6 protein chains.
Amino acid sequence: MTDPALPTQIRFNRLLLTGAAGNLGQQLRPRLKRWCSTLRLSDRADLGAAADDEELVPADLADAAAVHALLEGVDAVVHMGGVSTEQAWGAILDANIRGLVHLYEAARAHGTRRIVFASSNHVTGFYRQDQVVSPRDPVRPDGLYGLSKAFGENLAQLYWDRFGIETVSLRIGSSFPAPRDRRMLATWLSYDDAERLVAAALTAPVVGHSIVYGMSDNPLTWWDNTPARHIGFRPQDSSEPFRAAIEQRQAPLDRNDPATHHQGGAFVRTGPFFE
Amino acid sequence: MTDPALPTQIRFNRLLLTGAAGNLGQQLRPRLKRWCSTLRLSDRADLGAAADDEELVPADLADAAAVHALLEGVDAVVHMGGVSTEQAWGAILDANIRGLVHLYEAARAHGTRRIVFASSNHVTGFYRQDQVVSPRDPVRPDGLYGLSKAFGENLAQLYWDRFGIETVSLRIGSSFPAPRDRRMLATWLSYDDAERLVAAALTAPVVGHSIVYGMSDNPLTWWDNTPARHIGFRPQDSSEPFRAAIEQRQAPLDRNDPATHHQGGAFVRTGPFFE
Amino acid sequence: MTDPALPTQIRFNRLLLTGAAGNLGQQLRPRLKRWCSTLRLSDRADLGAAADDEELVPADLADAAAVHALLEGVDAVVHMGGVSTEQAWGAILDANIRGLVHLYEAARAHGTRRIVFASSNHVTGFYRQDQVVSPRDPVRPDGLYGLSKAFGENLAQLYWDRFGIETVSLRIGSSFPAPRDRRMLATWLSYDDAERLVAAALTAPVVGHSIVYGMSDNPLTWWDNTPARHIGFRPQDSSEPFRAAIEQRQAPLDRNDPATHHQGGAFVRTGPFFE
Amino acid sequence: MTDPALPTQIRFNRLLLTGAAGNLGQQLRPRLKRWCSTLRLSDRADLGAAADDEELVPADLADAAAVHALLEGVDAVVHMGGVSTEQAWGAILDANIRGLVHLYEAARAHGTRRIVFASSNHVTGFYRQDQVVSPRDPVRPDGLYGLSKAFGENLAQLYWDRFGIETVSLRIGSSFPAPRDRRMLATWLSYDDAERLVAAALTAPVVGHSIVYGMSDNPLTWWDNTPARHIGFRPQDSSEPFRAAIEQRQAPLDRNDPATHHQGGAFVRTGPFFE
Amino acid sequence: MTDPALPTQIRFNRLLLTGAAGNLGQQLRPRLKRWCSTLRLSDRADLGAAADDEELVPADLADAAAVHALLEGVDAVVHMGGVSTEQAWGAILDANIRGLVHLYEAARAHGTRRIVFASSNHVTGFYRQDQVVSPRDPVRPDGLYGLSKAFGENLAQLYWDRFGIETVSLRIGSSFPAPRDRRMLATWLSYDDAERLVAAALTAPVVGHSIVYGMSDNPLTWWDNTPARHIGFRPQDSSEPFRAAIEQRQAPLDRNDPATHHQGGAFVRTGPFFE
Amino acid sequence: MTDPALPTQIRFNRLLLTGAAGNLGQQLRPRLKRWCSTLRLSDRADLGAAADDEELVPADLADAAAVHALLEGVDAVVHMGGVSTEQAWGAILDANIRGLVHLYEAARAHGTRRIVFASSNHVTGFYRQDQVVSPRDPVRPDGLYGLSKAFGENLAQLYWDRFGIETVSLRIGSSFPAPRDRRMLATWLSYDDAERLVAAALTAPVVGHSIVYGMSDNPLTWWDNTPARHIGFRPQDSSEPFRAAIEQRQAPLDRNDPATHHQGGAFVRTGPFFE
């Protein structure tokens, strides 16, 4: 499961993985061990049993005191926690805005030096699919979820500028075992490449606040990571082998649907916008 | 008080001015009448008595229902409401994040077509004073207040991309009767120029979501409004006549203070960061 | 009529003005005399009687031999000729494509060194009115007329790169005695400013192939002439005094009409597209 | 001949290939079958016998009625037709300007949705060989042929902006069985890569009007396709294996020849410029 | 002689003006007094008698010890000294390279905080006159003099990055009582505007290392100071009143002379390149 | 030792390699033979015995006459000579400033057409390690050595603009048998890639004055060579295999050391700044 080509070395005494019970969190859980002596895992959902060198610290991001405790003794954070789909505003506000402020305040209080932040491609989801976007272009979120992730990136910038806490914001595409539909032929991030991305973000020597898109080496892409070359992320997988099957399975998209033209896909028209 | 050079014409049936009891709100109150049949005024603070063609509708931005009612029948909004200084996170969250979402949701519900949004130069306050910034450069907020205004600009972009509600985000410098200190020689926005700015933002024929810095025609500035030329804002005042007196009154700034070097001035170190 | 502030000096022995019977051509006819010993005038339409130092040489641009003869002994050209509105493709092809090739070939044959070419803002008419465009941005013509003017600019570039013939392409806005409608508040070019523009283009010492937008000093504009600063065009008129009357006279534009949102105005939907 | 790595799937009911008797057209003819149920072939020259699933429809691009008929029932076009070298102006005008207008008008009339347009590197042939050019840089055609291709790109932009017909303009380098001279070490596009390029342009989900340079993965190149990454073109061949032989065969170029310094090579001085 | 509109205030205890016997130095000598308690003047040439509040400290820039002594007790420097025309390499090397290193080392030793450095437009003299250049574009010196000034700007950048000494590099055009020839219609900097430029550079609150072109408000210019807006330089004079006389006096320039086409004028072909 | 994949062909009659006794010079000495009939070698240090087709011409760069003689009969130069570390100013001035002027003057006198100039990444060493820099960004030297290399690049630009002598300036990273420390994981240039780089710079058909960074295909880098794609440099080695060992051997860097954050590493604080 872990990539043998990745260098293995203990870099952190205690590394915190939030959202460890989520889709990507579950994948990263066994893969992050090589980078730390102790891997602290957190989620609101059930985390199962602790393996060797694992600590389980369940917490709700909306609970400032719990998050404060969660960061104690933590050297670095891989923050996969929070809401990761378009949901009702209240849930997004609690987890991705209030919760993220709790996380950074706790990191500041405890002297944590680096955070790898799971942002999302949906911060720029309202660009068209015939535009190539780089991390320096203005954001165009495609919904409340993307809006909350843009907030998170700006918060990370502030904590770097003001308090010297480093962050790499990962604008993750679509991380699944395989691309699921036509859009993911462009946005797919394999689990192995996700591991490479997180590892690069954790170990790059100097990052300040950097933003990098997370996609595999897919032939067709909308994103240009040139300004993030200092992170050293080199994807090695590709959506290409999945293309024929997907194109056979999924009918061509409706040209009159805005989801067809924008990078955010269905997020540009997903609701319940507000409860 | 109002500028006779400004064209006078009724453009809106009902125009809403929020924050009407605040510093800039009080200035705009009499000046906005020429643009509308009815000027609806709102604030949490006392608004005094209604003049002719004024409606007083007090509301707390954190109260979604009140804000929903506030927007009923409104054609356009000049949103000066909310927190306008560095304060505790809770107050900023309520007014500038939760409250702003209430405002845009209400505008969407009632078919309001344009919002002039009082953003702030503090969304880019962590740039140095020897950098010239344009509305297309990445944001670098200097505190929680600036962070909340960056959120507001992104929200405005989202409501334009998704719902066709137009916004002009005004990154207001320092609007006072006169510049108060050395930094304001660069950032000052006279009240007359503030009126010109708001009028231009209200009446420019097509704005989508546009961002424009709000400063008078001061000789030394950090901001380049070239990408906002389509707004048609032409400041006519200058901080220059105030320079000699300010330089005599205020000692040169401490070179070792980060407030001296950054555009945000003292905001880059102001706090009770969190209560 | 001519601007006394303009420097008066004979620069050219024989200057050719094409389209001399057209709207702008009639304005330029008396104003161009100060720059030349002989002003040669051409048009398909009637040119009236020759004044002192004028030569009348009627010609159809589609007639290669006539155009060849027209350029004989000419030092510089102000090319206002050709089709200047959206028309049937055949007329545009003959005058603005075939005819322009005839003009440049004749200039090459006779050693003419500089051409001031009346291009049009319609080469970029499909940009939105909330975008600020510079001469370096990609063209987006709004119809066949704009397309033919883009062809002309490229032809001018070719004749500079290959044969050393200099051109200034003027992307003229709307040149009339006064702005006629809401759009012209942004695009108006007064006749005096048109004269200043042509004079600058004729006399700037080195131009290669340069492109400059032609508008008066209107408060609201969509165009940024920074890359053409070496032409030295400084407009002195403004559409502002006409604003109140126009806004009273013309109802606000229909938001659902693409002509309202794009720089080209009604050109983006004008027909008969093809006969 | 066809690349087994390319996904094979019927995408179009009827695909039109123009210029099918030309150099690149002959190569594409057997390779395009996999993408369509019926491949309609057209040219002025002899097309030989129709193979299975082929339709032969000879037509002269200058004949509007013939081109109108040619597009009937066509879903997408690969337009390799027209003049592809520097020739007399009349021939270029008929095929590449008048003819291309006929093609787009016919596509509009018949509801064709996408055109892959063979443009040329000669639209930017007057850049120097020590400049790296991207599709967003201003054009600098090196002759009448390049000028006509720039016209074609602008026409494509217009039909996208105005009528929603998508085009990918391919600025093809030099497509031959092998590079023939020193310049083609930079510009060579192998036939297999040409197939990949056309396939990508036909099948990329959203293209609007996009421009992409067509060259193999040659070590030395003058072109940067970053803004066209959304097309998904990934060349796999290289001119490198041919280098030693070419350098032995062809003497070093004359430093005083402008063809040596410019990207367009001999096109910058080729001509019967005009008949 | 001094501009009454400039604010007058003592900013520096001791201000050093080098090159005080030179053309621009003589002009600045009486104008700089208002900014300091003591004005120290230096040159290799005769400085005449000291006026009130003046100190005369002759020094040769090539003499490290003399320059070390010269900077003692100095708060800020206006460095007009050194070679200011194309000369033999030895003279340029001694004054503008070795001498400038002496100056910055001495400033470092004595704690001087800001240097206003007379650079030159000749650091970008090999751009053509139809190009508009900003301080961020790569340098293209037109000779050894321009090369030495580019060295000086880079040295200033180094002392800012490494030692925190601030510099404003002034790329001065042509500062004379009036423009002398056609080229100076673009490059002229009046003495009053030179004073405004130096005053702005001395008093702008934060400059790091900034670069600004020094020209009056001439209608035609090749330089864009937008990135230096934070200096606050606003020229008020213009070459325009001198145009007619110059154009009458000086014949049009030879098109075949490279001096005609490049911004550096005759500097692009001036010699003795090396003795 | 030489790369069999490189094309082998005699391009130059006599090629000069300066600094032939230095670190990289020794590596290049046997590798450059394939490109020339005669390889002239020069250095101040001992060059050993001449091999076949080698000429030994010791010279001190500070000696103008010796350098003049050195260039006689030379077609092209690979200039590895001069000071390549931070040293006392006098040594840098003599070799890298005075010496380089001698070299270019001699090349001009003898008609040498191309120089491959060993510049250094230290011309941009004061950028942070989280910034990605391209050859078009302004220089920020990290010391006197980097400053002298910036001088060299500007000199090369001047000799191209004025005299048509072509140069490729190589901003070499760290060329050693293997990366030695954590910083070199980003900056390492293997000897084989150094050969590829020099070969590309010597043989690219048109270079004018081009700048290219010299690093291997390391995963993490700070440099973007897109504007130098016309050189055709394609590195094939990587620092990745050395990473684990280096990270085990070298403790993590001190966050409070400026050498940790800047691209120049320890050069940003290396002394003796001046003797």
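As a reminder, the structure under discussion sits directly above these lines.
Summarised in this report is the structure supplied together with it. Predicted, not measured: the structure shown is a model, and the values here were computed from it.

As for the overall build of chain A
Part 1 of the argument: Within chain A one finds eight helices and seven strands.
Part 2 of the argument: Taking 19 Å as the expected radius of gyration for a compact globule of 275 residues, we find that chain A reaches 18 Å, a close match to that expectation.
Part 3 of the argument: Dimensions of chain A, computed from the C-alpha atoms along their principal axes, are close to 50 × 45 × 35 Å.
Part 4 of the argument: Among the 275 residues that make up chain A, the fraction classed as buried is 64%.
Part 5 of the argument: Accessible surface, chain A as shown: approximately 9,300 Å² in total, 49% of it carbon and sulfur.
Part 6 of the argument: Averaging the coordinates of the 28 positive side-chain charges in chain A and doing the same for the 32 negative ones gives two points 3 Å apart.

Quick look at the side chain of B:S169
All names here are of chain B.
Part 1 of the argument: With respect to the secondary-structure elements, S169 resides in strand 6 (residues 166-172).
Part 2 of the argument: By relative accessible area, which is 0% here, S169 ends up buried.
Part 3 of the argument: Discounting chain neighbours no more than four positions away, the residues touching S169 are F117, S119, E153, A156, H209, S210, I211 and V212.

Some remarks on the packing of aromatic side chains
Part 1 of the argument: Inspection of every chain in the model, using the stated rule, returns 45 aromatic pairs over all chains.
Part 2 of the argument: Considering the side-chain rings of E:Y213 and E:W223, the 4.9 Å spacing of their centres and the 15 degrees angle between planes classify their relative orientation as stacked. With E:Y213 in strand 7 (residues 209-214) and E:W223 in the loop between strand 7 and helix 7 (240-249), this pair connects stretches of sequence that are ten residues apart. Both residues of the pair, E:Y213 and E:W223, belong to the buried class.
Part 3 of the argument: With centroids separated by 5.3 Å and ring planes inclined at 55 degrees, the aromatic side chains of F:Y104 and F:Y159 adopt a geometry described as tilted. Of this pair, F:Y104 sits in helix 3 (residues 89-110) while F:Y159 is found in helix 4 (residues 144-163), placing the two residues 55 residues apart along the sequence.
Part 4 of the argument: Using a relative accessible area of 0% as the deciding quantity, one classes F:Y104 as buried.
Part 5 of the argument: Across from the ring centre of A:F176, 3.8 Å away, lies the NZ or CZ of A:R180, which sits over that ring.

Some points on the sheet that holds strand 7 (residues 209-214) of chain D
Residue and element names in this part refer to chain D.
Part 1 of the argument: Spatial ordering of the open sheet is given by 3-2-1-4-5-6-7, a layout of seven strands whose pairing is parallel. A strand with exactly one partner marks an edge of an open sheet, and here the two such strands are strand 3 (54-56) and strand 7. Neighbour-to-neighbour, the strand axes of the sheet open up by a mean angle of 20 degrees, direction not taken into account.
Part 2 of the argument: Summarising the sheet, strand 2 (residues 36-41) and strand 3 pair through three bridges and their orientation is parallel. The residue bridging L41 from the neighbouring strand is L56, located in strand 3.
Part 3 of the argument: In this fold helix 1 (residues 23-31) packs onto strand 1 (12-18), strand 2, strand 3, strand 4 (76-79) and strand 6 (166-172), with an angle of close to 160 degrees to the strand it touches most, strand 1.
Part 4 of the argument: In the packing of helix 3 (residues 89-110) onto the sheet, the strands contacted are strand 4, strand 5 (114-120) and strand 6, and the crossing angle to strand 5 comes to about 165 degrees.

So, the relation of the copies chain B and chain C
Both copies of the chain are related by one operation, a rotation about an axis with a shift along it.
Part 1 of the argument: Rotating chain B by 120 degrees and moving it 0.0 Å along the rotation axis overlays it on chain C with an RMSD of 0.0 Å. Expressed as a symmetry operation, the mapping of one chain copy onto the other fits a three-fold axis. Measuring from the rotation axis to each C-alpha of chain B, the shortest distance belongs to B:T226, at 5.6 Å.

Let's talk about the environment of C:Y104
Residue and element names in this part refer to chain C.
Part 1 of the argument: Between the C-alpha atom of Y104 and that of H79, which follows or precedes it by 25 residues, the distance is 11 Å.
Part 2 of the argument: Setting aside residues up to four positions removed in sequence, Y104 forms contacts with I115, F117, L155, A156, Y159, I165 and T167.
Part 3 of the argument: Among the polar contacts listed, one links the side chain of Y104 to the side chain of T167, at a separation of 2.8 Å.

Quick notes on the interface of chain B and chain C
Part 1 of the argument: Listed by partner, the interface residues are 21 residues for chain B and 20 residues for chain C.
Part 2 of the argument: When the two sides are added together, the surface that chain B and chain C hide from each other amounts to roughly 1,700 Å², 49% of it contributed by carbon and sulfur.
Part 3 of the argument: For the pair chain B and chain C, the number of links is four salt bridges.
Part 4 of the argument: Remark: the boundary between chain B and chain C carries seven residue pairs in polar contact (both at pLDDT 80 or more).
Part 5 of the argument: Partitioned by chemical class, the residues of the side of chain B that touches chain C number nine nonpolar, seven polar and five charged.

Examining the sheet that holds strand 4 (residues 76-79) of chain C
All names here are of chain C.
Part 1 of the argument: Here seven strands make up an open sheet; going across it, the order is 3-2-1-4-5-6-7 and the pairing parallel. Taken across any chain shown, the strands that pair with only one partner, and hence form the sheet edges, are strand 3 (54-56) and strand 7 (209-214). Each neighbouring strand pair of the sheet contributes to a mean axis angle of 20 degrees, computed without reference to strand direction.
Part 2 of the argument: Strand direction decides the pairing type here: strand 4 and strand 5 (residues 114-120), joined by four bridges, are parallel. By the bridge assignment, H79 is partnered in strand 5 with F117.
Part 3 of the argument: Lying on the sheet, helix 3 (residues 89-110) is in contact with strand 4, strand 5 and strand 6 (166-172); it crosses strand 5 at an angle near 165 degrees.

Regarding the interface of chain A and chain B
Part 1 of the argument: Across the boundary between the two partners, chain A contributes 35 residues, which contact 35 residues of chain B.
Part 2 of the argument: Buried area between chain A and chain B, summed over both chains or domains, comes out near 2,800 Å², and the portion from carbon and sulfur atoms is 66%.
Part 3 of the argument: Taken together, the connections running from chain A to chain B amount to two salt bridges.
Part 4 of the argument: Between B:D161 and A:R140 there is a salt bridge, with its nearest N and O atoms 2.5 Å apart.
Part 5 of the argument: The interface formed by chain A and chain B contains ten residue pairs in polar contact (both at pLDDT 80 or more).
Part 6 of the argument: At the level of secondary structure, the elements contributing two or more residues to the side of chain A that touches chain B comprise helix 3 (89-110) and helix 4 (144-163) of chain A.
Part 7 of the argument: Of the residues assigned to the side of chain A that touches chain B, the class counts are 20 nonpolar, five polar and ten charged.

Let's talk about the pattern of salt bridges
Part 1 of the argument: Inspection of the entire model under this criterion finds 132 salt bridges over all chains.
Part 2 of the argument: Between A:D217 and D:R234 there is a salt bridge, with its nearest N and O atoms 3.0 Å apart. Note that A:D217 is positioned in the loop between strand 7 (209-214) and helix 7 (240-249) and D:R234 in the loop between strand 7 and helix 7 (240-249), a pairing that runs across two chains.
Part 3 of the argument: Overall, A:D217 belongs to the partly exposed group, its relative accessible area being 34%.

Comments concerning the environment of E:L158
Residue and element names in this part refer to chain E.
Part 1 of the argument: By the secondary structure assignment, L158 is in helix 4 (residues 144-163).
Part 2 of the argument: By relative accessible area, L158 is classed as buried at 0%.
Part 3 of the argument: L158 sits 106 residues away from D52 along the chain, and the two C-alpha atoms are 36 Å apart.

Thresholds applied
Residues numbered from 1 in each chain as written. Chains lettered and ligands numbered in written order. Predicted model: local features only at pLDDT ≥ 70, side-chain atom pairs only at ≥ 80, totals over all residues. Heavy atoms only, no water. Helix = DSSP H or I, 4+ residues; strand = E, 2+ residues; numbered from the N terminus. Rg over C-alpha atoms; globule rule 2.2 N^0.38 Å. Buried < 20%, exposed > 50% of the residue type's maximum accessible area, 1.4 Å probe, protein only. Areas by Shrake-Rupley, 256 points an atom, 1.4 Å probe, with all protein chains shown as cover. Lys, Arg positive; Asp, Glu negative; His and termini not counted. Charge placed at Lys NZ, Arg CZ, Asp CG, Glu CD. Contact = heavy atoms within 4.5 Å. Phe/Tyr/Trp six-rings, centres within 6.5 Å; stacked < 30°, edge-to-face > 60°. Lys NZ or Arg CZ within 6 Å of the ring centre and 35° of its normal. Pairing = 2+ DSSP bridges. Axes fitted to C-alpha atoms, helices over the stretch in contact; angles between N-to-C directions. Least-squares fit on C-alpha atoms with pLDDT ≥ 70 in both. Polar contact = N/O pair within 3.5 Å; in protein donor to acceptor, adjacent residues only side chain to side chain. Buried area = accessible area lost by both parts, 1.4 Å probe. Salt bridge = Lys/Arg side-chain N within 4 Å of Asp/Glu carboxyl O. Nonpolar A, V, L, I, M, F, W, Y, C, P; charged D, E, K, R; others polar.

This is a description of form; function is not addressed.
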